[in-house]
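As a plain string of letters, each chain reads:
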Amino acid sequence: MGSNRTIYSEFQGAGSKLGLEIWCVESLQLVPVPQSSHGKFFSGSTYVVLHTALLKSGALQHDIHYWLGKDANEVDSTLASDKTLELDATLGSKSVQYKEVQGQETGKFLSYFKPCIIPVEGVYSSGQVGLKGPAYETKLLTCKGDRVVHVKEVPFSRSSLNHRDVFILDTSSKIFQFNGCNSSIQERAKGLEVVQYIKEYKHKGNCEVAAIEDGKFVGDAEVGEFWNFFGGYAPIPKDQPVAQPPQTLDVKLFWITLQGKFTQSGSGRLKRSMLESNKCYMLDGDVQIFVWMGSITSITERKTSISAAEDFLRAQEKPVNTQLAVLKEGSETGIFKSYFDDWPLTVEPKLYEEGRGKVAAMFKQTGYDVDELPDEDEKPHIICNGTLKVWRVNNGKLSPVPVVDQRKLYSGDCYTVQYIFSANGREERLFYIWLGNQSSPEDRADAASLTNVIVSSNKGEPVLARIVENKEPSQFFMIFQTLMMFKGGMGSRYKSYIADNGLDDETYDDKKTALFRIQGTNRDNMQAVQVDQVCRSLNSSYCYILKAEGSVFTWLGNLSTTRDHDLLYGMLDLINPTWQPILIREGSEPDVFWDVLGGKTEYPKEREVKRFIEDPHLFVCTFTEGAGSQSSDLKVKEIFSYTQGELTTEDVLILDCHTEIYVWVGHNSVVKSKQQALSIGLAFLEKDVLGECLSVDTPIYVVTEGHEPPFFTCFFDWDASKANMLGNSFERKLAILKGQTQKLEAPSRNSPSVTPNGMRRPSPTPNGLRRPSPTPNGSRRPSPASNGLTRRQSLDSYTVRSTFPGLDFNPTNNRRFSSPPIHRMIPSASSSSPDVHSADNTHVSASSTAEAEILPSKDSGSKQELVNYPYDRVKVNSKDPVRDIDITKREAYLSDEEFQEKFAMSKQVFYQLPRWKQNKLKMSLYLF
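Residues numbered from 1 in each chain as written. Predicted model: local features only at pLDDT ≥ 70, side-chain atom pairs only at ≥ 80, totals over all residues. Heavy atoms only, no water.

### Thoughts on the overall build of the chain
Then comes step 1: When its secondary structure is counted, the chain shows 22 helices and 35 strands.
Then comes step 2: Burial analysis of the chain (928 residues in total) assigns 49% to the buried set.
Then comes step 3: Sequence-distant contacts in the chain: of pairs separated by 6 or more residues, those separated by 24 or more amount to 65%.
Then comes step 4: Accessible surface, the chain as shown: approximately 44,600 Å² in total, 50% of it carbon and sulfur. (Helix = DSSP H or I, 4+ residues; strand = E, 2+ residues; numbered from the N terminus. Buried < 20%, exposed > 50% of the residue type's maximum accessible area, 1.4 Å probe, protein only. Contact = heavy atoms within 4.5 Å. Areas by Shrake-Rupley, 256 points an atom, 1.4 Å probe, with all protein chains shown as cover.)

### Quick look at the confidence of the model for the chain
Then comes step 1: Averaged over the chain, the pLDDT score is 80; the fraction of residues at 70 or greater is 78%.
Then comes step 2: Within the model, pLDDT remains below 50 along residues 347-360, and this stretch shows 31 contacts once partners closer than five positions in the same chain are excluded.
Then comes step 3: Here residues 828-864 is a poorly scored stretch, pLDDT under 50, and it has 47 contacts once near neighbours within four places are set aside; other chains count. (pLDDT = per-residue confidence, 0-100.)

### What about the nonpolar core?
A general tendency of soluble globular proteins is for nonpolar side chains to be buried together.
Then comes step 1: Tyr 432, Phe 476, Phe 516, Leu 538, Ile 545 and Phe 593 are the most contacted members of the largest nonpolar core, which has 76 residues in total.
Then comes step 2: Look past the residues within four positions of Ile 545 in its chain and what remains in contact with it is Ala 514, Leu 515, Phe 516, Ile 518, Val 552, Phe 553, Thr 554, Leu 568, Leu 572, Ile 575 and Trp 579. (Core = buried A, V, L, I, M, F, W, Y, C linked by side-chain atoms within 4.5 Å.)

### A short note on the sheet that holds strand S7 (residues 150-154)
Each strand in a sheet pairs with another by means of backbone hydrogen bonds, the pair being arranged parallel or else antiparallel.
Then comes step 1: Spatial strand order, S7-S6-S8-S9-S10: 5 strands in an open sheet with mixed pairing. Strands with a single pairing partner mark the edges of an open sheet, and in this sheet they are S7 and strand S10 (208-213). On average, each strand axis in the sheet is inclined to that of its neighbour by 25 degrees, with strand direction left out of account.
Then comes step 2: Pairing geometry for strand S8 (residues 166-170) and strand S9 (residues 174-179), over 5 bridges, is antiparallel. When the bridges of S9 are listed, Asp 170 appears paired with Ile 175.
Then comes step 3: Contacting S8, S9 and S10, helix H4 (residues 221-228) crosses the sheet at an angle of about 95 degrees to S9. (Pairing = 2+ DSSP bridges. Axes fitted to C-alpha atoms, helices over the stretch in contact; angles between N-to-C directions.)

### Points about the sheet that holds strand S4 (residues 60-68)
Then comes step 1: What the 10 strands build is an open sheet, ordered S2-S1-S3-S4-S5-S15-S14-S13-S11-S12; its pairing is mixed. The open sheet has two free edges, formed respectively by strand S2 (29-32) and strand S12 (262-267), since each of these has just one partner strand. If you compare each strand with its neighbour and ignore which way they point, the axes differ by 25 degrees on average.
Then comes step 2: Pairing of strand S3 (residues 46-54) with S4 involves 9 bridges; the strand directions are antiparallel. Across the sheet, residue Tyr 47 finds its bridge partner in S4, namely Trp 67.
Then comes step 3: Together, strand S1 (19-26), S2, S3, S4, strand S5 (96-101) and strand S14 (288-293) form the strand contacts of helix H1 (residues 74-90), whose direction differs from that of S3 by roughly 25 degrees.

### Thoughts on the side chain of Ser 439
Then comes step 1: Residue position: Ser 439 is located in the loop between strand S20 (426-435) and helix H8 (441-457).
Then comes step 2: Engagement of the side chain of Ser 439 in a polar contact is seen with the backbone oxygen of Gly 436, the distance being 2.6 Å.
Then comes step 3: A distance of 3.0 Å separates a polar atom in the side chain of Ser 439 from a polar atom in the side chain of Arg 444.
Then comes step 4: Those residues in contact with Ser 439 that sit more than four places away from it in its chain are Ser 411, Gly 412, Asp 413, Cys 414 and Arg 444. (Polar contact = N/O pair within 3.5 Å; in protein donor to acceptor, adjacent residues only side chain to side chain.)

### Looking at the packing of H1 against helix H5 (residues 299-315)
Then comes step 1: Between H1 and H5, the shortest axis-to-axis distance is 10 Å and the interhelical angle comes to 140 degrees. As judged from the angle between their axes, H1 and H5 are oblique. At the point where H1 passes H5, the crossing takes the right-handed sense. Residue-level inspection shows Ser 81, Asp 82, Leu 85, Glu 86, Asp 88 and Ala 89 of H1 in contact with H5, the latter providing Ile 299, Arg 302, Lys 303, Ile 306 and Glu 310. (Parallel < 35°, antiparallel > 145°, perpendicular 65-115°, else oblique. Left-handed = near helix turned anticlockwise from the far one by under 90°.)

### As for the packing of aromatic side chains
Then comes step 1: According to the stated counting rule, one finds 60 aromatic pairs in the structure shown.
Then comes step 2: Put simply, the rings of Tyr 432, Phe 476, Phe 477, Phe 480, Tyr 642, Tyr 662, Tyr 701, Phe 711, Phe 712, Phe 715, Phe 716 and Trp 718 touch in pairs and so form one group of aromatic residues.
Then comes step 3: Against the face of Tyr 871 rests Lys 902, its NZ or CZ located 4.2 Å from the ring centre. (Phe/Tyr/Trp six-rings, centres within 6.5 Å; stacked < 30°, edge-to-face > 60°. Lys NZ or Arg CZ within 6 Å of the ring centre and 35° of its normal.)

### Re the environment of Val 120
Then comes step 1: Along the chain, Val 120 turns up in the loop between helix H2 (107-110) and strand S6 (139-144).
Then comes step 2: Expressed as a C-alpha distance, the spacing of Val 120 and Lys 40, which sit 80 residues apart in the sequence, is 7.6 Å.
Then comes step 3: Look past the residues within four positions of Val 120 in its chain and what remains in contact with it is Lys 40, Phe 41, Phe 42 and Ser 43.

### Describing the environment of Arg 269
Then comes step 1: Looking at the secondary structure, you find Arg 269 in the loop between S12 and strand S13 (280-284).
Then comes step 2: In this structure Arg 269 comes out as partly exposed when scored by relative accessible area, which is 46%.
Then comes step 3: Through-space distance from the C-alpha of Arg 269 to that of Asp 341 is 6.2 Å; in sequence the pair is 72 residues apart.
Then comes step 4: For Arg 269, the contacting residues outside a window of four places in its chain are Ser 338, Tyr 339, Phe 340 and Asp 341.
Then comes step 5: Among the polar contacts listed, one links the side chain of Arg 269 to the side chain of Asp 341, at a separation of 2.7 Å.

### Description of a nonpolar patch on the surface
Then comes step 1: A cluster of nonpolar side chains, namely Leu 18, Leu 54 and Leu 60, defines an oily patch on the protein surface of about 220 Å² accessible area.
Then comes step 2: Mapped onto the elements, Leu 60 comes out in strand S4. (Patch = residues over 30% accessible without salt bridge, like charges linked within 9 Å, V, L, I, M, F, W, Y side chains within 5 Å. Salt bridge = Lys/Arg side-chain N within 4 Å of Asp/Glu carboxyl O.)

### Focus: the pattern of salt bridges
Opposite charge on two side chains permits pairing when their charged atoms draw close.
Then comes step 1: On inspection of all chains with the given rule, the structure shows 37 salt bridges.
Then comes step 2: In this structure, the salt-bridge partner of Asp 446 is Arg 493, at a minimum N-O distance of 2.7 Å. Here Asp 446 is found in helix H8, whereas its partner Arg 493 is found in helix H10 (residues 492-500), with 47 residues between them in sequence.
Then comes step 3: For Glu 705, the salt bridge is made with Arg 732, and the minimal N-O distance between the two is 2.5 Å. Residue Glu 705 is found in the loop between strand S32 (700-704) and helix H14 (710-713), and its partner Arg 732 is found in helix H15 (residues 729-737); the two are separated by 27 residues along the sequence. This pair shows no difference in class: Glu 705 is buried, exactly as Arg 732 is.

### Observations regarding the pairing of S12
Then comes step 1: Summarising the sheet, strand S11 (residues 252-256) and S12 pair through 5 bridges and their orientation is antiparallel. The partner of Ile 256 across the bridge, within S12, is Phe 262.
Then comes step 2: Hairpin connection, S11 to S12: the antiparallel pair is bridged by 5 residues, and Gly 260 has positive phi, about 80 degrees.

### Details of H15
Since the α-helix advances by 3.6 residues per turn, residues separated by three or four positions end up pointing in the same direction.
Then comes step 1: Burial analysis of H15 places 7 of its 9 residues in the buried class, the great majority of the element.
Then comes step 2: When H15 is considered as a whole, its buried residues turn out to be Ser 729, Phe 730, Arg 732, Lys 733, Leu 734, Ala 735 and Leu 737.
Then comes step 3: Against S9, helix H3 (185-201) and S10 lie the buried residues of H15.
Then comes step 4: Of the residues flanking the start of H15, the one acting as N-cap is Asn 728, its side-chain oxygen 3.1 Å from the backbone nitrogen of Phe 730.
Then comes step 5: Following H15 by one or two positions, Gly 739 has its phi on the positive side, about 70 degrees.

### So, unusual backbone geometry
Then comes step 1: The peptide bond linking Lys 114 to Pro 115 adopts the cis configuration, its omega dihedral lying at 5 degrees.
Then comes step 2: Considering the arrangement of structural elements, one finds Pro 115 in the loop between H2 and S6.
Then comes step 3: Of note, Asn 470 is a non-glycine position whose phi angle comes to about 75 degrees, a positive value.
Then comes step 4: Tracing the sequence through the fold places Asn 470 in the loop between strand S21 (463-468) and helix H9 (474-480).
Then comes step 5: Positive phi is not limited to glycine here, since Ala 904 has a value of about 60 degrees.

This is the structure we're talking about:
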């Protein structure tokens, strides 16, 4: 039965290696085709082609194609079809199979053999050797397609030429490309790829190339040379109108009986329940035919169904470009599922750990001694210590957010974020539109339009991104480094909305109770997210801070890691270094903790498993004017095995990375604004063409040709020189082919002047002073702040890492802000000042407070004033605890000798550590 794996002798070991494996039917036997002959197809033969790819999930993806030459006999064609099913059974019946007819191949099939295949006359023979043929034969080829090229030899005659296609005249000494006047620029550019292929593989690079434009017949020697091959110039007849495909599809579903007969099961919009696992079906989608095989059908039933579908194609006289795809229950493609109204929107989870094990196993098979792959922290593709500026949308305007509040976002508001960074030796700008979950539609619309105005007024072509709260990409967090996301809002529309509807204002201040989830990867990428203060907001995989009236609790989930604990301590220092929290481990919560959360209820206690990001997909877009307002106006076509060369200047393309999408806009495309490009991205998310349950809140990046950022180019084998050319696609490729790229190289973009060592020269400020010069690592030298400290020292005063020598301070973390940065991140109900007050109400800064707490003076007398107690009496779980001691300074009561024994360092060294490290050590010794 189809559910069991059956190994057929011809396919022993098939699919175990990546790439292509090809077999050809010869004398009613299937014989392997050597790799040296891959891509050479004979029109009198039939082939079985297997393509194996390794996905990021660690799974192997198999696609099987059977290719039928135009002169192949029916027996060989049937055998190739049957062998395709046997190969699928060998591979576990999880592949998708495609029927390929010469001249009408699918884009996926042709993507394996870029730029094209050029079938040759005759039949394949495994015993043939490369004999030298007769003198070079001049041929005329036609090229059709703007993404994948179907190349076909046509009679060498003037009558074969027309105005709508691209033709290649291949002679012994020169290759001519004739461009019909009605052919597209993209088709002409693809034609040049075929010319390049013929030049390299048939002429060994030794021939000339000429481009001939339809209608041009005087004043050019190469034009005259071309027409001489046809006996001289003569007008080409006007093209006949090409029949347009029907705009509405008549979709029908048929059950295929064991005798190969068809019984209609449905039409129009279909239901998933129409498909039964013990039957085979044919879905007629007009432009594509699908054969769906239930999971418990036999090989015999499947062979009968495919044969019946092929007979149907012939009997119905379907268009020659109608494609046939065969798939089994559980391996349905997105296109197939799109014909059903109620296909389950569930995506099978692909677990990270499981996939990593599979990838490690594959490394072992190739000779590498790998037991497991190392954990990988996601690393940014751009530097994250650039300049940050934030605006809040407020009543139809963008209001600058003071730097003291720049790392605080409110769910009821929308923001514009500008980030300036250096890449490729020049200054780049990245703009984010951040939309809070509780923000108003008016604010969202204003955020898009107002940000577009700022972006348009900037020199160059900044990248624009639209992100929604709780769907932020990791890069957004890395740019902020530390971020707090609060409930409520500060904008006038949010305030008006809650007032008009009689709702409580949830906007946080330090007098309110709040629960924060702590997340991130390291001290330069950590967030505190305010969540509902109820028990179900807890999760055993995280740490939390609960700010209640009179108390602050820190809650450590049982599945949280030491890294999570470090983030918790770091965030505590950033929020308010004066807090003295009560540490709670999951399972030991006091009643008062649950009382604050409204009582103890169930909450998630399973480990959150990291999931793989799926492999990206590239799509080219076509749409009517005004596309984006209606998703139905947008049509997309996937480009398989994509390269940088697919980014043609006349087009708009979408790179679907599943967790985020990129809308790439060519200079010569019809899209002229980034706001329009965002609308196209939204329309793509609504269509969800791959059936991957894309959310309309998925982050959208808009990237302009020639200004691609590193976090986009990382998905390609990128050549910067190809991204900096003028002209259309055809002109660019022709210049490359003729070695004349310097003629089309665009002038360098305006960029800041740099010193001989590559650093930017400091320019005078408006007051005549020099701007801060770069440090050796490329970041800005901090300028003095109003308090006499450098900007970085002012920022880090509450962590005490930069103020005192000998501490763990990394200068590469320097950060530029548009104005002096903040000292604490929790909003105050009474004052926005970052300063705090000491117990006697004298005014002190956060930095001086931190210094007093963490670095007591050597001669302060504290050691003499404190009474020493044994470790067993001052630890948290002591059976005979000492009364009336400062429980936040338990370690200070140890004698110097016992302190050295327990901490493996002196008290002086200990008190010079960052607070989070102190707390971590104290917690390990039950002193915290």
